[in-house]
Amino acid sequence: LTTRRILLPTTRQSSSIPEDDSPVEMENPFKKERRQCILCKLKITPDYKNYRLLSQFQSPYTGRIYGRHITGLCKKKQELVESEIKKAQNCAYMPYFYKDKMFLKDPKLFDPENPIRSHRF
């Protein structure tokens with residue numbers, strides 16, 4: 001006894017599948033939003049005469065300049081802020097060791113107690 005196969009012609013119904021099944025170009029939906037430093041976002045260039053702005057990047061107790069990992073500034077603006085603070089201190093616009101008491105209630109640009117990165121690099 002032999003069995004025979006019967007081959008029937010199959011016709012595919014044309015459904016809603018397009019002929020061109022190439023990938024669609026689109027933006028990455030999982031891409032993180034690019035973080036921008038506050039001075040670049042507001043288009044502020046630090047100046048040594050604007051000591052009220054510069055005092056925000058200096059510790060009110062020790063006078064140390066906060067690092068980039070605390071301020072969240074980009075490298076270019078951080079270097080500019082540091083040089084302008086030193087220039088303002090040399091011109092006697094800003095004190096070396098402590099912040100003026102009238103600037104202690106200024107709005108915070110960042111939280112020095114909660115750094116953006118917990119390390120310096």
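Before reading further, recall that the structure is shown in the block above.
Computed from a prediction, not measured in an experiment: that's the story for all the values here.

Quick look at the overall build of the protein now. A tally of regular secondary structure across the protein gives 4 helices and 0 strands. Mapped from its N terminus to its C terminus, the protein presents α and β elements in the order α-α-α-α. The burial tally for the protein puts 24% of its 121 residues in the buried class. Within the structure as shown, the protein displays about 11,000 Å² of accessible surface, and the carbon and sulfur contribution to it stands at 53%.

This brings us to the packing of aromatic side chains. We describe a pair of aromatic rings using the distance from one ring centre to the other and the angle between the two ring planes. Applying the stated criterion across every chain, the model contains 4 aromatic pairs. Centre to centre, the rings of F57 and F110 are 5.7 Å apart; their planes meet at 25°, and the pair counts as stacked. Residue F57 is located in the loop between α2 (51–54) and α3 (68–71), and its partner F110 is located in the segment after α4 (75–90); the two are separated by 53 residues in the primary sequence. Overall, the relative accessible area of 1% leaves F57 in the buried class. Between Y66 and F110, the ring centres sit 5.6 Å apart and the planes meet at 90°, which makes this aromatic pair edge-to-face.

When the charged atoms of two side chains lie near each other, side chains of opposite charge can form a pair. A full pass over the atoms with the stated rule returns 2 salt bridges. Across the pair K49 and D47 runs a salt bridge whose closest N-O atoms are separated by 3.9 Å. Taking the shortest distance from any N to any O, the salt bridge between E84 and K87 comes out at 3.3 Å. Here E84 and its partner K87 are both found in helix α4, 3 residues apart, which amounts to about one turn of the helix.

Mapped onto the secondary structure, Q58 falls in the loop between α2 and α3. Ignoring anything within four residues of it in the chain, the contact list for Q58 reads G63, R64, I65, Y66, Q89, M94, P95, Y96 and K99.

Before going further, it helps to spend a moment on α4. In a regular helix each residue adds 1.5 Å, so 16 residues correspond to 22 Å; α4 covers 23 Å between its end C-alpha atoms and thus fits that length. Within the sequence span of α4, burial applies to K77, Q78, V81, E84, I85, A88 and Q89. Buried residues in α4, looked at end-on, bunch into an arc of 135°, giving them a common side. Residues of α4 that are exposed and point over 90 degrees away from its buried face: K75, K76 and N90. Summarising the contacts, the buried residues of α4 are in contact with α1 (38–41), α2 and α3. Backbone geometry just downstream of α4 places A92 in the positive-phi region, at approximately 65°.

Tallied over the entire structure, the rule returns 1 cavity of 30 Å³ or more. The volume enclosed by the largest cavity comes to roughly 50 Å³. Partitioning the lining of the largest cavity into residue classes produces 6 nonpolar, 2 polar and 2 charged.

Parameters and conventions
Position numbers for residues start from 1 in each chain and track the written sequence from start to end. Totals for whole chains, interfaces and linings use every residue, but because this is a predicted model, local features are given only for residues with pLDDT of at least 70 and side-chain atom pairs only at 80 or more, for both listing and counting. Water and hydrogen atoms play no part in the side-chain values, which are based on all heavy atoms of the structure. Under the scheme used here, helices are H or I runs from DSSP no shorter than 4 residues and strands are E runs no shorter than 2 residues, and both carry numbers assigned from the N terminus. We call a residue buried when its accessible area falls under 20% of the maximum for its residue type, exposed when it is over 50%, and partly exposed in between, using a 1.4 Å probe and counting protein chains only. For every accessible area listed, the method is Shrake-Rupley and the probe measures 1.4 Å; residues are considered covered only by the protein chains on display. Within 6.5 Å between ring centres, the rings of Phe, Tyr and Trp (the latter by its six-membered ring) count as paired, and their orientation is classed by plane angle as stacked under 30 degrees, edge-to-face over 60, tilted in between. Definition used for salt bridges: Asp or Glu carboxyl oxygen within 4 Å of a side-chain nitrogen of Lys or Arg. Any two residues having at least one pair of non-hydrogen atoms within 4.5 Å are treated as being in contact. Expected span of a helix, by definition, is 1.5 Å for each gap between consecutive residues, and there is one gap fewer than residues. Starting at the helix axis, one direction is taken to each C-beta atom, and the arc is that of these directions. Detection works on a 1 Å grid of protein atoms alone, calling trapped sets that fit a 1.4 Å probe cavities and calling open sets with protein on both sides within 12 Å along at least five of seven lines pockets, with lining residues defined by an atom within 4 Å of a point. Grid points are joined across faces, edges and corners, and a volume is the space filled by probe spheres set on the points. When residues are sorted by character, Ala, Val, Leu, Ile, Met, Phe, Trp, Tyr, Cys and Pro go into the nonpolar class, Asp, Glu, Lys and Arg into the charged class, and all the rest, Gly among them, into the polar class.

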